[in-house]
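So you can see what is in the structure, the chains are spelled out below.
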Amino acid sequence: MRRTIYYVFQSASAPDLRGITGDPDGTTLPASGGPWTLERQIAPDEPWNVDINQAVVEFGIVENGFYLSGPILQHTSPKPVIESDRVEGTAVFDLQGHRIGTIKRLLIEKVSGRVTYVDVTFGGFLGLGVHHHTVPWEKLTYDTGLQGYRTEITEEQVRGAPAFYGDDKVWPDKKREQELWDYWRDRPTS
């Protein structure tokens, strides 16, 4: 017998898409498939009347916080989060689809835990001559077709950006942090 109540939601953007979760509000369901409307709930003492194997659904909920059934929209991610080591090493492309760099690391605010910048590397061969520049995380969007991040920022803008770290690779002082903030805040989009 199940010990959990499952909630079955219907997607408004794809009527044949269902999201199943243990969350009664459906907040764990991917926003890109929504808005979501509660269709029904399955209590622990009710028979399993869903066309998908219960163990498969439970695994999806444990792994992702939800399970999707039906035609999944192309832009819907199977996971609401991504591990940092899967972002590191991912290519960065400009709007024309030209590769302008590679994500080396994520820079995270200590208190909020929010990713604020990414360290993007350019050029070099076998680690020699590589240049590091810092780009605001919010300026990147994942492109499934390219399997990398796309940005409106040009390669020239990135190369002109102040480096987050100095030559000593020490966390920047307030002055350098302010220079970085000012540089990206004053950039025109496109």
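Relevant structure appears above.
Conventions and cut-offs
Residues numbered from 1 in each chain as written. Predicted model: local features only at pLDDT ≥ 70, side-chain atom pairs only at ≥ 80, totals over all residues. Heavy atoms only, no water. Pairing = 2+ DSSP bridges. Helix = DSSP H or I, 4+ residues; strand = E, 2+ residues; numbered from the N terminus. Axes fitted to C-alpha atoms, helices over the stretch in contact; angles between N-to-C directions. Core = buried A, V, L, I, M, F, W, Y, C linked by side-chain atoms within 4.5 Å. Buried < 20%, exposed > 50% of the residue type's maximum accessible area, 1.4 Å probe, protein only. Contact = heavy atoms within 4.5 Å. Salt bridge = Lys/Arg side-chain N within 4 Å of Asp/Glu carboxyl O. Phe/Tyr/Trp six-rings, centres within 6.5 Å; stacked < 30°, edge-to-face > 60°.

Visitor: Got a minute to help me understand the sheet that holds strand 9 (residues 140–143) in this structure?
Guide: Sheets are built from strands paired through backbone hydrogen bonds, the pairs being either parallel or antiparallel. Spatial ordering of the open sheet is given by 8-7-6-5-10-9, a layout of six strands whose pairing is mixed. Only two strands of the sheet have a single neighbouring strand rather than two, namely strand 8 (131–136) and strand 9. Mean inter-strand twist for the sheet, computed between neighbouring axes without regard to direction, equals 40 degrees.

Visitor: I tried to follow the nonpolar core on my own but got confused; where do I start?
Guide: I103, V118, V135, L140, V158 and W184 are the most contacted members of the largest nonpolar core, which totals 20 residues. Listed by contribution, the elements that provide at least two residues to this core are strand 6 (99–108), strand 7 (115–122) and helix 4 (174–185). The element best represented in this core is strand 7, accounting for five residues. When sequence neighbours within four positions are dropped, the list of residues in contact with V158 reads I100, F122, H133, V135, I153 and W184.

Visitor: What exactly am I supposed to notice about unusual backbone geometry here?
Guide: Note on backbone geometry: most residues besides glycine have negative phi, and most peptide bonds are trans. The phi torsion at Q147 lies on the positive side, around 55 degrees, for a residue other than glycine. Tracing the backbone shows Q147 in the loop between strand 9 and strand 10 (148–151). Given the relative accessible area of 60%, Q147 is considered exposed.

Visitor: Where do I start with the pattern of salt bridges in this structure?
Guide: One side chain can pair with another of opposite charge once the charged atoms of both are near each other. Counted according to the given criterion, the structure contains four salt bridges. Two residues, E39 and R40, come together in a salt bridge whose shortest N-O distance is 3.5 Å. With relative accessibility at 33%, the residue E39 sits in the partly exposed group. Measuring nitrogen to oxygen at the nearest pair gives 2.9 Å for the salt bridge that ties D143 to R150. Taking the relative accessible area as the measure of exposure, R150 reaches 23% and is therefore partly exposed. Salt bridges sharing partners connect three or more residues here, namely R18, E39 and R40.

Visitor: Just checking my understanding: could you explain the packing of aromatic side chains for this structure?
Guide: The geometry of an aromatic ring pair comes down to the distance between the two centres and the angle between the two planes. This structure, assessed with the given rule, holds three aromatic pairs. On the numbers, 5.5 Å between centres and 55 degrees between planes, the contact of W137 with Y149 is tilted. In this pair, W137 sits in the loop between strand 8 and strand 9 while Y149 sits in strand 10, placing the two residues 12 residues apart along the sequence. Taking relative accessible area as the criterion, W137 reaches 25% and is therefore assigned partly exposed. When the ring of Y142 is compared with that of Y149, the centres are 5.1 Å apart and the planes differ by 75 degrees; the resulting orientation is edge-to-face. A relative accessible area of 43% places Y142 in the partly exposed class. Three or more aromatic residues joined by ring pairs form one cluster here, namely W137, Y142 and Y149.

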